[in-house]
Structure formats: C-alpha cells, structure tokens
Amino acid sequence: MSSSESQEPALSTEAQSKKAAKKEAAKLEKLRRKQEVAAAATAASNLSVEDDPLAANYGHIPLIELQSKTPVNVNDWTRVEALNDSLENKPVLIRGRAQAIRPVGKKMAFLVIRENGFTVQCLVQAQPDLVSPQMVKFAAALSRESIVDVEGVVSIPTAPIKGATQQVEIQVRKLYCVSKAIPTLPINIEDAARSEVEIEKAIQAGEQLVRVNQDTRLNFRVLDVRTPANQGIFRIQSQVGNAFRQFLLAESFIEIHTPKLIAGSSEGGAAVFRLDYKGQPACLAQSPQLHKQMSICGDFGRVFEIGPVFRAEDSFTHRHLCEFTGLDVEMEIKKHYFEVMDVVDKLFVAIFDSLNTNCKKDLEAVANQYPFEPLKYLRNTLRLTYEEGIQMLKEVGVEIEPFGDLNTEAERKLGQLVLEKYGTEFYILHRYPLAVRPFYTMPCYDNPAYSNSFDVFIRGEEIISGAQRIHVPEFLEERAQACGIEVKTISTYIDSFRYGVPPHGGFGVGLERVVMLFCGLNNIRKTSLYPRDPLRIAP
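Not measured: the values here are computed from a predicted model.

Peer 1: What am I meant to see in the environment of Glu 512 here?
Peer 2: Note that Glu 512 resides in helix H15 (residues 511-518). Glu 512 sits 16 residues away from Ser 528 along the chain, and the two C-alpha atoms are 6.1 Å apart. Apart from the residues within four sequence positions on either side, Glu 512 is in contact with Gln 237, Phe 324, Thr 325, Ile 524, Thr 527 and Ser 528.

Quick look at the structure:
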C-alpha cells in the first residue's frame, strides 16, 4: 500500500471529527441561547409595571387611541428606509414589524424592526431615568411580526450590522405595541425566506432546516408575501405594469376598462367560465378582445387595458391558473401587422431596461432565494416565421405538424435553439397556421392556411399572443361559425364593424408570466398575489 493510500482513511476520520465537532458546537450554542433567554425571562418575572415610574414610556396602545382619536402629523414618523448616518444623534420615531427579538440578560434586548422590506436594529437597554428593566422585559416579551412604534436616538455602531439593511442603530427611549401578533405564527418568515440552496447545504452538513412548501405558503399568503423575495417579486410586477402604462401613454394610446361579464365567449373553446345572468347565459371574459376591437370602431385609434382575465383551462400556461392579469393592446394599422410587432419590440425592450435600472435591489432579493441569470435580449428583437421555427426544430430531430401548434416541450426546445444561435431569450415567432388561432385572426394574403399572427417568448415560454384582426363583418361571421361560436351571442361585436372600422391588430400579455420568466421562477403561483386555480379560491 502506498503512503498516499494509507493516509486516506485518516483524512476521512479527521473530516468526520471536524464535522461532528462543528455539529456539537452548534448544539451547544443553541442550548446557550435558550438558557440565556430563559434566564432573562426568570430574572424579569418579578418586575412589576405598577412599580415602574417610567411605565408611560412603553406598553400596548389602547384601542381608543387607534380609533382616529387625535389627528397627528404623519411626518413625525421616519421611514426605516430613510434611516442613515446623516441622522446620527437625532431623535426619530419609526413604525414597523418586530422581525426579530433577542433578549440579553435582564437589562438589554435587541429588536430588528422591518418596514416594507427595510430593517433596522434597535437597542433597548436599561438606564436610570430613561429605560427601566420593566421596559426591557416588555420588549423581550413582544411576539414577532407585531406592529410597534419605536422612539429613540440614532447612533452609528462601530461594526457593520449584518442582520439589518440600515447601518445605523436606534437607542430606544419609548416602545409601544400598536398591533400584537399571535405568539406562534403558522409559518415563520425566516423559514419562508430560506432558499433551496441553504436547505441542501444544511442537509449535506447533517442538519435539518424547515422547508415551507407551496401549498402552505398559499394557505398563509399574507405571511408568505412578507419575505424579501416576495416583496421583490411584487414590486417588480408593479414596475412592469407602470412601465407598460407609461410607454403606451407616451405613444398616444388611451387606457380603457372593459366589462368582465359578457354574453358569449370571446375566444371560443372550452376554456370559459359560464354562468347564469338573471336567466340569460353569460361568461367571464377570457380577454377584453371583443371590446378592445369595438373601441377601435369607436374611433379611439390606440387603446390598452390592464385588468383580470379568466380561463377555466388556461391555454396560456401549463400551470392551470384560472384568473390572471392581462396587459392588452389594440391599435389601428396602416398597412401591415408588423406595425403591431414594432410596438411589442419597443415596449418590451423598454420594460426590461426599466426593470434592470429601477429594480436592482428587488431583483437581488429574488435571486437570493431563487437564483437566476439575467434575461438576455437584443436591442432589436429577433423575428422568425413559424416555418423557420419548425425548420430549426426539424434540424435537431423534433418533428412538428406543419399546420399544428407547438406544445410546451417544443417551445422550450426552440427557445434553447434560438439562444444558442442568436444569443437572445426574447423573440417573436409570427405567421402561425390559421387553424390554431382565434376566429377573429386575419389569414395571410398569399396563403390562407397561415395567419397574420404572432407569439412572443421569454426563456422558451409564451408571454404574448397577437395578430391582425378581421374587420370585415361578413368574413368575421364566417370565421366565427367555422370555429363553433354562436354568432348571435356576439352580434353586437360583429355589428360594430358594419359602421366603418380601420384595419387593426393587437396583442395580449400575461403579466404574471412576464414576471415569472424574467425572474426565472418555476411556478406562476409565485407571481400571482392570491392565485386562483381549479383547487383554490381562498384566501
């Protein structure tokens, strides 16, 4: 046996010993902290609020004081986000959640206060005529996630604060509980904020960390959305909506609001929520499509809407989401449906640029829990015809029916091929077969088997479906009948085209899908604030 071979078992034993020692040290530290907390509680148990001359400086705010009893100047409160070293030695009043509470003996406790994702460390330390031991006891007994008001003086610690976003500390002088959370929460925010990477590392180290599954998160969504990643996700979603609106307003579009209860299906097929409306058949709108077009008939020229849409079997996503948010656009065209694609191109490059510029901290928060690579996109968005797309798939052995639709697997494969060949994860595929498009889609002039339509993809998944619309009423009736739609249920829609309407086109975007795919997430429920699917209608 060589010398190197003889050393291997010894190295293995040494590694095991280090691992065991590390595990034992962690257990001892955990035990020490428990004993410290217990000792603090025991030491403080004999302290009485009644005997405290400083009792007015802390406690639970009575309900009557929270019933809009006295008007106040809201500028008296400083936002946690605004706490910085420029406020050194200045008194501040903040309100937030008690994210973490750590007593240190009977005369000191640390609180971490969180407001809208920003956190600051607060020190409650017994001092004559300022802070009583009873106040320290009150602070230590607060339940996590309770809403509190903290008055104190800003100081700058000598060492960086690892457990808070703000690098200042508040020396607490007054502490009031505004709203008390229950002592034991259904899920802990710390557990819900943990990444899979952390969990897997712990398992490899022989430790066990709590994993909060998706259903549990959704059952207690109001707690789940408090995590840094979820705060980031919905701020990013807000920015997408804002950038969408601002871009289109600047391009002379008008925002409209269409009805969500309609007499007939807007797109046909089985993906419809049907209901009885005072004895008349009705359904929830699968999209604002019909009323968008009617608004073009109404001489608005360019319109958009941000609002809910409904699908019983969501063909937009394999995640089966039943209610989601649509970003919808309709516009006159002069000559070609490429004019609509031009808007898509400029709009989404502007949205992506806006997210990368304005949401850096939010994107970082999401990536910390759900690691992802930044989206690759071109300044001028790649456009491929449907035939070019299926040819790329055919070249790698994926056969697609020439006049059929792409399934999810084929779309993802094509996304991979496009990234490898063109260096982009955002592209447009157009000139789809007519048979797989809605009844109101305009056929191609040179081959009626194809249509003037397009889909748009991020990371190999569809986010947009659009097309030039049929604006000739007789032809529209013919196509509706061919697609199995009762013409009488959409007669007011078709009749609107009899009064004169310009050629037009538009598109619909799934907001939740844009955010999900931009952030590389694996489930659309992560980007739906309160998801609705075939098994969930609460909370």
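Peer 1: Help me out: how do you make sense of the side chain of Gln 121 in this one?
Peer 2: Take Gln 121: it is sitting in strand S4 (residues 118-125). Separated by 2.5 Å, the side chains of Gln 121 and Glu 169 make a polar contact. Not counting residues up to four positions away in its chain, the partners in contact with Gln 121 are Phe 110, Leu 111, Ile 161, Ala 164, Val 168, Glu 169 and Ile 170.

Peer 1: Where do I start with helix H10 (residues 360-369) in this structure?
Peer 2: Because the α-helix completes a turn every 3.6 residues, residues three or four places apart line up on one side. If you check which residues of H10 are buried, you get Asp 362, Leu 363, Ala 365, Val 366 and Gln 369. End-on, the buried residues of H10 take up no more than an arc of 160 degrees, which puts them together on one face. Facing away from the buried side of H10, by more than 90 degrees, are the exposed residues Lys 360, Lys 361, Glu 364 and Asn 368. Where the residues of H10 are buried, they touch helix H3 (189-192), helix H4 (196-204), helix H5 (214-219), helix H7 (228-250), helix H9 (338-358) and H15.

Peer 1: Can you walk me through H9 in this structure?
Peer 2: The first and last C-alpha atoms of H9 sit 30 Å apart over 21 residues, in line with the 30 Å expected at 1.5 Å per residue. Taken residue by residue, H9 has Val 340, Met 341, Val 343, Val 344, Asp 345, Leu 347, Phe 348, Val 349, Ile 351, Phe 352, Ser 354 and Leu 355 as its buried positions.

Peer 1: Explain the nonpolar core to me, please; I cannot follow it from the model alone.
Peer 2: Across soluble globular proteins, nonpolar side chains show a tendency to be buried alongside one another. Ranked by internal contacts, the top residues of the largest apolar core, which has 52 residues, are Phe 348, Phe 454 and Phe 507. Examining the composition of this core, we find that 10 residues originate from one element, H9, more than from any other. Judged by nonpolar contacts, the second largest core, of 28 residues, contains Leu 87, Ala 98, Leu 111 and Val 168.

Peer 1: Looking at this structure, I do not really get the packing of H7 against H9. What am I missing?
Peer 2: Angle between the axes and distance between the axes are the two parameters that describe a pair of packed helices. With their axes 9 Å apart at the nearest point, H7 and H9 run at an angle of 135 degrees to one another. In this view, H7 runs oblique relative to H9, as classed from their interaxial angle. With respect to the hand of their crossing, H7 and H9 are arranged in right-handed fashion. Counting all contacts with H7, which are made through Ile 236, Gln 239, Val 240, Ala 243, Phe 244, Phe 247 and Leu 248, the residues of H9 involved are Val 343, Lys 346, Leu 347, Ala 350, Ile 351, Ser 354, Leu 355 and Asn 358.

Peer 1: So what exactly am I meant to see when it comes to the pattern of salt bridges here?
Peer 2: Opposite charge on two side chains lets them pair, provided their charged atoms get close. Evaluation of the coordinates by the stated rule reveals 28 salt bridges. Between Lys 260 and Glu 305 there is a salt bridge; the shortest N-O distance is 3.1 Å. Of the two residues, Lys 260 sits in the loop between strand S7 (254-255) and strand S8 (261-262) while Glu 305 sits in strand S11 (residues 302-310), which places them 45 residues apart along the sequence. The exposure class of Lys 260 is buried, given its relative accessible area of 19%. In this structure Glu 305 comes out as buried when scored by relative accessible area, which is 3%.

Peer 1: Is there a simple way to think about unusual backbone geometry in this case?
Peer 2: Most of the time, phi is negative for any residue but glycine, and the peptide bond is trans. With an omega of 5 degrees, the peptide bond between Ala 538 and Pro 539 qualifies as cis. Note on placement: Pro 539 falls in the segment after H15. At Lys 278, a residue that is not glycine, the phi angle is positive and equals roughly 50 degrees. Judged by relative accessible area, Lys 278 falls into the exposed class, the value being 75%. Although it is not a glycine, Arg 459 sits at a positive phi angle of roughly 50 degrees. Residue class for Arg 459 comes out partly exposed when judged on its relative accessible area of 23%.

Reading guide: rules and limits
- What you see as residue numbers is a count from 1 along each chain, following the sequence as written.
- Residues qualify for local features only when their pLDDT is at least 70, as the model is predicted, and side-chain atom pairs are given and counted only at 80 or more; totals for whole chains, interfaces and linings, by contrast, use all residues.
- No hydrogens and no water enter the side-chain calculation; it runs on all heavy atoms of the structure.
- What counts as a helix is a DSSP run of H or I of at least four residues, what counts as a strand is a run of E of at least two, and both are numbered from the N terminus.
- Residues are treated as being in contact if the distance between any of their heavy atoms lies within 4.5 Å.
- Whenever a nitrogen or oxygen atom comes within 3.5 Å of another N or O atom, the pair is scored as a polar contact, on the condition that within protein one atom can donate a hydrogen and the other can accept it, and that pairs from neighbouring residues in sequence are kept only if both atoms are in side chains.
- Partly exposed describes any residue whose relative accessible area lies between the buried limit of under 20% and the exposed limit of over 50%, with all areas from a 1.4 Å probe on protein chains only and scaled to the type maximum.
- This arc corresponds to the set of directions leading from the helix axis out to the C-beta atoms.
- What a helix is expected to span follows from its residue count: subtract one and scale by 1.5 Å.
- Within this scheme, the nonpolar core is defined by two criteria: the residues are buried Ala, Val, Leu, Ile, Met, Phe, Trp, Tyr or Cys, and they are joined through side-chain atoms within 4.5 Å.
- Only the stretch in contact is used when a helix axis is fitted, and all axes are lines through C-alpha atoms; the angle between N-to-C directions ranges over 0 to 180 degrees.
- Orientation labels follow simple angle bins: below 35 degrees gives roughly parallel, above 145 gives roughly antiparallel, 65 to 115 gives roughly perpendicular, and whatever is left gives oblique.
- Crossing handedness: left-handed means the near helix sits turned counterclockwise from the far one by under a right angle, and right-handed means the same turn made clockwise.
- Any Lys or Arg side-chain nitrogen located within 4 Å of an Asp or Glu carboxyl oxygen qualifies as a salt bridge.

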